[in-house]
Amino acid sequence: MANYFLIILTFSPLLGVLLLAFIPKSLPGTVKAIGILATLVPLVLTFMLYANFNLVAEGMQLSQQWNWIRIPIGEQAIPITFEVGVDGLSMPLLVLTTVISTMAAVAALSINKRWKEFYILFLIVEMGMLGVFSSTNLFQFFIFFEFTIIPLFFMMGIWGYMDRERAAMKFLLYNGVGSAIMLIVFVTLFILVGTLSMEEIRQLLTDPMSPRNVPNLPGYIPDSIRFGLFLALLIAFAIKIPVVPFHTWMLKAYQEAHPAVIMISSGVLIKIGGYALIRMNAAFFPEWMNQLSTLIAVLGVINILYGAVLALVQDELKQMLAYSSVSHMGIMLLGLAATNLQGFQGAVFQMVSHGLIAALMFYMVSLVHERTGTSNIRELGGLAKSMPMISGVLLTAMMASAGLPGMSGFISEFLSFVGLFGVKPVIAAVGALGLILTAAYLLRAILGTTFGPIQQKHESLSDAQAIEVVPMVVLLSLVILIGVYPAVLSEPLQTTLQNIVPRIGG
Amino acid sequence: MDMIANAWLIPLFPLIAFVLLVAFGRQWKERAAYVGILATAASFVFALLVFFERFVEGATDYINTDFHWLTFAGEKITMGFEVNQLNAMMLVVVTLVSMLVHIYSRGYMRGDERFPVFYQYLALFTFSMLGVVLSPNILQLYIFWELVGVCSFLLVGFYFYKPEARAAAKKAFIVTRIGDVGLFIALALIFWWVGSFDYSEIFNKIAAGAIEEWKLTLLGILIFVGAVGKSGQFPLHTWLPDAMEGPTPVSALIHAATMVAAGVYLVARMYDLYLASPVATEVVAYIGGFTAIFAASIGLTQRDIKRVLAYSTVSQLGYMMLALGAASAAGYVAGTFHLMTHAFFKALLFLAAGSVIHAVHTQDIFEMGGLWKKMRITGPVFLVGCLAIAGIPPFAGFWSKEEILVATLDSGHIDLFVVALIAASFTAFYMFRLFFLTFGGQSRGGSQAHESPGVMTLPMIVLAVLAVIAGFINTPWKPVLGEWLTEDMTAFHGGTHGAGWVTIVAIAVSVAGIALAWMMYGRGKMPAEGTGGVLYRVSFRKYYMDEIYDTVFVKPLRAIGKGLHIFDVWVIDGLVRLIAAFTRGIGGVGARMQNGQIQTYGAIAFIGLVLLIVGLTIAGGYVGQWRTIFL
């Protein structure tokens, strides 16, 4: 089975799709139960993957490749392979994907129409995400990437709040542009290098003996083209992360989409941006990653401060969370900009940590919204009285988001900043101001919701129910596990990053 | 039994209590108190055993760093614990005060519907504070440092439904966060400059001269910024008085005796670093000295019993910093010695103040009075606390404060010595103003005051005894504590070698302060305050620090936020909408052009070609020029 493990994992959500196809939609309970149970299959598989992961092996594990299609170019027919593999970088993200998916599937219980379609689309998105992280081929990466965008577009447009269709259009517009740029880069690379396999591209582009790197040889790729490709990829992924000023799609989506959709989007999808920056930008164009690290660091600081200052004046909790995500992704950029082991480690920690925390935060806010009918701070307050459990978890999640030690956010912030302080101390010091602002906006919003006098109409609201407690406990436990014992994440990462980072030569 | 090697058990008990209370607190209701009391009592016993092993049997320093926590770019970061003179003493102080506050709260918090939650937080705090003290490296210290901050935040906001409590909790968190960022940056730099977070490694590198002085100075100042936040030093002191919104036992434990002293502890623990950087120690000395007099001058006019004590805490913490800033073994001893005595008498004062508030249901000292006869235990123990903090012999505060004055004078800071003397007279004055207004004269509140139950008075009595005798552990003629604390330091001379006149002057200024308070407030006199002119107003309004911060930082930040929000909605998002509309428009134009007329197609093709050529000419047809823009 080992040979096919990643294939089985990637397509395992489709089992649920198949089952759902046979269930009449008149049985919402059954449909939802199957939808949730179906996400347990990949969840268990990724846990097996984690348990059996080889900590010291270099390069891809469980890799497999098959010839897929042939593209005729001139006389030749160049084969495109379907290839999968997993390493210390993608494995944690695969686990993150399945965990968040199951939790979001639980959060989707509150869906009150067309639940069958929702869960089918949901499982297809999960397949897309698993495919993205297990692909070691650009073509395949692109296909799976599209499989995350199109179903999500429908999920945003059909389920959610009043202005959801516009939010969905905006999401599609931005991500479509990102995809288009990405596609152009991939095609160009294919023409220049003659392969779409990530590892082959990396070798051809970085090996000093490769004809692509020796001037005056045919097939030599000048720096200017590399720079252009690097920049184009950076923009494509900047939209996904999102980097200011490409962030406005996120605001609308956070406000209008169903919470389950945002849990997936904020928990996993935007991490594809950071993942791809390491996988492609840093791996294919290490010299440009190094040379442009100042630009990335500056973008990171802008993200941190811009997001934080705007989060400080939002009255809508969901908008606050959207800007908070922008700010937290800035920390990830700082880690990447450090181009050293600490920084990259911090960036990956931040992806996982923010994925868990953002999903938890948004889930908690959605519970508040469901009960009170609003997520505006001005109409809330004192909820700790009627909902001690929800308020308590919200407060804890807030602490995690603010980077409290003992929780995952601290490790990721600390590693990212330590990394950057080693190379660009001044930029790092400016970015560290964001830590103060983070505390300020989070406290303002969360204390405004849970502390203070309570509105009379909110006094008799009910606290969390048993099934609602599941995502809270699971997500919080993982956040605390990583915070207290970070080795669970740093050990698998170690070998992989030790291979990637020295190539950048930062 | 080898207690020191098992010192990790000390924080374990409160942690277990915390977990139990989270799990079963709801069912246990007020019985939750006994779990907390039992756990802290166990910790206290263990801490005593450790202390005696270290103190009497003369065990050596113990460090255990076996737990591999995180692989940090190939560097293994470990966690563990250490026992040395300084933290052996701290362990006893923390567990003792914590245990007493746990007992006291059984009475004070009776009837509160969140009683078990209160004990949860207290247990978590005790665990975290012991974690701070036991940490063998500065990263681990930082972790627990933040945790005590969260506990403090939770307890300040314990009455979460009160808007003032919410505001105070928020302020406590954010203001200390500012300091924490300094410490955070110091940690990052330590990693690069030292390569390890272990104290021993850091000090070894310093001793070997492997770190340039400017780096040491920067590190010293950044670490001190963290201490300034935690220990309420100027200019980050503003959160501490507001933190009095929390329940009074919390003020005693966290915001007087233990947590706020963590900043002092940190500077003391990093003393090798400060000894190596004269500039950083000067900063510590001057900030400490300034805070001492600044806060004392605010304390002169406050009307809220807890706020007077809070400013007094800020001022006393300033004294400790001032002592450490002397950059000598004598200063080190004076600072840590004062930390200990202050923990006892300030916890006592707060618990007694809580007992008063419990009895009269107000915190305004102008509405109290005449309590001496009604509270036959609280009154005398409060007086003991006042005498101790005012520095009257033979009470504990006298010995430690005198050491500070001597150490300051020895270090050559005449200016700071004078400042400390003036602040001492202020201290004596405001403490006795407080005492006379609260206990002297006739009752002005009209409420039926009564003495508190035994569960509250017993801890106060214990602390009162300590406030009387604790100073004798380090007298000028037999500085037991000092010699023990500095037995590894070569520079210590033993005892005070300041002139006897310092003692006399110190007593004189204190007595003068008390005498002035007696003249103004004794025998139930009530001078008309509030008309005392500009100086009075400035002191009463706390030098307008809150207003200044609001105008200089908070309001502009919010204005920037609002401005950026408009920018975000109208410019950034507007641009996107414009592009979208433009694209749609092009689409419309394009659709109209598909009219089948060959001339139109030709024209478009031609225009397109021209545009392409012009574009390429301008851009030079070479992307490479882009580089110059970005590099």
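Residues numbered from 1 in each chain as written. Chains lettered and ligands numbered in written order. Predicted model: local features only at pLDDT ≥ 70, side-chain atom pairs only at ≥ 80, totals over all residues. Heavy atoms only, no water.

1. What to know about the overall build of chain B
Helices and strands together make up the secondary structure of chain B, namely 26 helices and two strands. Its C-alpha atoms give chain B principal-axis dimensions of about 110 × 60 × 55 Å. Counting only residues that meet the buried cut, chain B has 59% of its 631 residues in that class. For chain B, restricting intrachain contacts to residue pairs at least 6 apart in sequence, the fraction spanning at least 24 positions comes to 79%. Computed over 40 positive and 38 negative side-chain charges, the inter-centroid distance for chain B is 13 Å. (Helix = DSSP H or I, 4+ residues; strand = E, 2+ residues; numbered from the N terminus. Buried < 20%, exposed > 50% of the residue type's maximum accessible area, 1.4 Å probe, protein only. Contact = heavy atoms within 4.5 Å. Lys, Arg positive; Asp, Glu negative; His and termini not counted. Charge placed at Lys NZ, Arg CZ, Asp CG, Glu CD.)

2. Thoughts on the overall build of chain A
Secondary structure summary: chain A contains 21 helices and two strands in total. On C-alpha atoms alone, chain A measures out to a radius of gyration of 22 Å, which is about the 23 Å that the 2.2 N^0.38 rule sets for 506 residues. Structurally, chain A occupies a C-alpha span of about 80 × 60 × 40 Å along its principal axes. Taken over 506 residues, chain A has a buried fraction of 66%. When contacts within chain A are restricted to residue pairs at least 6 apart in sequence, long-range pairs at least 24 apart make up 78% of them. Of the accessible surface of chain A, which amounts to about 15,900 Å², a share of 67% is contributed by carbon and sulfur atoms. Of the charged side chains in chain A, 24 are positive and 24 negative, and the gap between their average positions amounts to 7 Å. (Rg over C-alpha atoms; globule rule 2.2 N^0.38 Å. Areas by Shrake-Rupley, 256 points an atom, 1.4 Å probe, with all protein chains shown as cover.)

3. Observations regarding the UniProt feature "domain: NADH:quinone oxidoreductase/Mrp antiporter transmembrane" (unreviewed entry) in chain A
In the numbering used here, UniProt assigns the "domain: NADH:quinone oxidoreductase/Mrp antiporter transmembrane" (unreviewed entry) feature to residues 135–430 of chain A. When the span residues 135–430 of chain A is considered, its composition is 77% helix and 0% strand, and the gap between its end C-alpha atoms is 37 Å. (UniProt positions renumbered as here; feature names shortened; annotations may be inferred.)

4. Some points on a nonpolar patch on the surface
Taken together, the side chains of Ile-480, Leu-481, Val-484 and Tyr-485 of chain A together with Phe-67 of chain B define a hydrophobic patch exposed on the protein surface, amounting to about 430 Å² of accessible area. The element best represented in the nonpolar patch is helix α20 (residues 466–484) of chain A, accounting for three residues. Note on placement: Leu-481 of chain A falls in helix α20. (Patch = residues over 30% accessible without salt bridge, like charges linked within 9 Å, V, L, I, M, F, W, Y side chains within 5 Å. Salt bridge = Lys/Arg side-chain N within 4 Å of Asp/Glu carboxyl O.)

5. Considering helix α19 (residues 414–439) of chain B
Every α-helical turn comprises 3.6 residues, leaving residues that sit three or four positions apart pointing alike. For α19 of chain B, with 26 residues, the first-to-last C-alpha span of 37 Å sits near the 38 Å given by 1.5 Å per residue. Just past α19 of chain B, the residue Gly-441 of chain B takes up positive phi, approximately 65°. (Expected span 1.5 Å × (residues − 1).)

6. Some details on the interface of chain B and chain A
Facing the 56 residues of chain B at the interface are 72 residues of chain A. At the boundary of chain B with chain A, total buried surface from both sides reaches about 5,500 Å², with 75% on carbon and sulfur atoms. At the junction of chain B with chain A, the criterion picks out one salt bridge. Asp-573 of chain B is the partner of Lys-170 of chain A in a salt bridge, and the nearest nitrogen-oxygen pair spans 2.7 Å. Where chain B packs against chain A, one counts 13 residue pairs in polar contact (both at pLDDT 80 or more). Mapped onto the side of chain B that touches chain A, the elements with two or more residues apiece are β1 (62–72), α5 (138–156), α6 (163–193), α24 (545–593) and α26 (626–630) of chain B. With 15 residues, the top contributor of residues to the side of chain B that touches chain A is α6 of chain B. (Buried area = accessible area lost by both parts, 1.4 Å probe. Polar contact = N/O pair within 3.5 Å; in protein donor to acceptor, adjacent residues only side chain to side chain.)

7. Observations concerning the UniProt feature "domain: NADH:quinone oxidoreductase/Mrp antiporter transmembrane" (unreviewed entry) in chain B
In the numbering adopted here, UniProt assigns the feature "domain: NADH:quinone oxidoreductase/Mrp antiporter transmembrane" (unreviewed entry) to residues 135–427 of chain B. Secondary structure content for residues 135–427 of chain B is 76% helix and 0% strand, and the end C-alpha separation is 34 Å.

8. Structural notes on the pattern of salt bridges
Opposite charge on two side chains makes pairing possible when the charged atoms of those side chains draw close. All names here are of chain A. Evaluated as defined, the whole model comprises 21 salt bridges over all chains. Between Glu-117 and Arg-114 there is a salt bridge whose closest N-O contact spans 3.4 Å. For Glu-117, a relative accessible area of 29% corresponds to the partly exposed category. Asp-315 is the partner of Arg-378 in a salt bridge, and the nearest nitrogen-oxygen pair spans 2.7 Å. Here the residue Arg-378 occupies a position in the loop between α16 (341–372) and α17 (388–401), and Asp-315 occupies one in the loop between α14 (293–312) and α15 (317–338), the gap between them amounting to 63 residues.

9. Section: the side chain of Thr-495 of chain A
Residues and elements named next belong to chain A. Within the secondary structure layout, Thr-495 lies in helix α21 (residues 487–504). For Thr-495, a relative accessible area of 14% puts it in the buried group. Apart from residues no more than four positions distant in its own chain, Thr-495 is found in contact with Leu-55, Val-56, Ala-57 and Glu-58.

10. Digging into the environment of Leu-415 of chain A
Relative to the assigned elements, Leu-415 of chain A resides in helix α18 (residues 408–423). With relative accessibility at 0%, the residue Leu-415 of chain A sits in the buried group. A sequence separation of 73 residues divides Leu-415 of chain A from Gln-342 of chain A, and the C-alpha atoms of the two residues are 5.5 Å apart. Ignoring sequence-local partners within four residues, the contact set of Leu-415 of chain A consists of Gln-342, Gly-343, Gln-345, Gly-346 and Phe-349 of chain A together with Leu-70 and Phe-72 of chain B.

11. Some thoughts on the confidence of the model for chain B
Residue and element names in this part refer to chain B. Here chain B averages 86 in pLDDT, and 92% of its residues register 70 or above. Segment residues 620–631 is flagged for pLDDT under 50; beyond a separation of four residues in sequence, or across chains, it makes 19 contacts in the model. Taken together, the chains of this predicted complex give a pTM of 0.90 and an interface ipTM of 0.91. (pLDDT = per-residue confidence, 0-100.)

12. Here's the deal with the domain arrangement of chain A
Residues and elements named next belong to chain A. Taken domain by domain, chain A holds domain 1 (1–291) and domain 2 (294–506). Domain 1 and domain 2 are separated by 23 Å when their C-alpha centres are compared. Across the contact, 49 residues belong to domain 1 and 52 residues belong to domain 2. The junction of domain 1 with domain 2 conceals about 4,400 Å² of combined surface from both sides, 74% of it contributed by carbon and sulfur atoms. On the surface where domain 1 and domain 2 come into contact, there are zero salt bridges. Where domain 1 touches domain 2, the interface holds 11 residue pairs in polar contact (both at pLDDT 80 or more). Every element with two or more residues in the side of domain 1 that touches domain 2 is listed here: α4 (90–107), α9 (223–240), α10 (248–256), α11 (259–269), α12 (271–284) and α13 (286–291). (Domains from an automatic or database assignment.)

13. Considerations on unusual backbone geometry
At the junction of Val-244 of chain A and Pro-245 of chain A, the peptide bond is cis and its omega measures out at 10° in the coordinates. Structurally, the position occupied by Pro-245 of chain A is in the loop between α9 and α10. Of the consecutive residues Pro-393 of chain B and Pro-394 of chain B, the connecting peptide bond is found in the cis state with omega at 5°. You can see Pro-394 of chain B is positioned in the loop between α17 (378–390) and α18 (396–410). In this structure, Lys-542 of chain B takes a positive phi of about 60° despite not being glycine. Among the secondary structure elements, Lys-542 of chain B is positioned in the loop between α23 (533–540) and α24.

14. Remarks on the packing of α5 of chain B against helix α8 (residues 213–230) of chain B
Residues and elements named next belong to chain B. Packing of α5 against α8 brings their axes to within 12 Å, and their N-to-C directions diverge by 20°. One element, α5, and the other, α8, form an angle in the roughly parallel class. For the pair α5 and α8, the sense of crossing is left-handed. Along its contact with α5, which presents Ile-138, Trp-145, Val-148 and Gly-149, the element α8 presents Ile-223, Gly-226, Ala-227 and Lys-230. For the contact of α5 with α8, a count of residues per class yields five nonpolar, two polar and one charged. (Axes fitted to C-alpha atoms, helices over the stretch in contact; angles between N-to-C directions. Parallel < 35°, antiparallel > 145°, perpendicular 65-115°, else oblique. Left-handed = near helix turned anticlockwise from the far one by under 90°. Nonpolar A, V, L, I, M, F, W, Y, C, P; charged D, E, K, R; others polar.)

15. Quick word on the pairing of strand β2 (residues 75–83) of chain B
Residues and elements named next belong to chain B. Among the nine residues of β2, seven are classified as buried, and the element is accordingly described as predominantly covered. Both β1 and β2 contribute to a ladder of eight bridges, which runs antiparallel. Across the sheet, the residue bridging to Phe-72 is Glu-75, located in β2. (Pairing = 2+ DSSP bridges.)

16. Some words on the side chain of Asp-242 of chain B
Residues and elements named next belong to chain B. On the secondary structure map, Asp-242 appears in helix α9 (residues 239–242). The exposure class assigned to Asp-242 is buried, which follows from its relative accessible area of 15%. When residues no more than four places from it in sequence are discounted, the contact partners of Asp-242 are Ala-168, Lys-171 and Arg-307.

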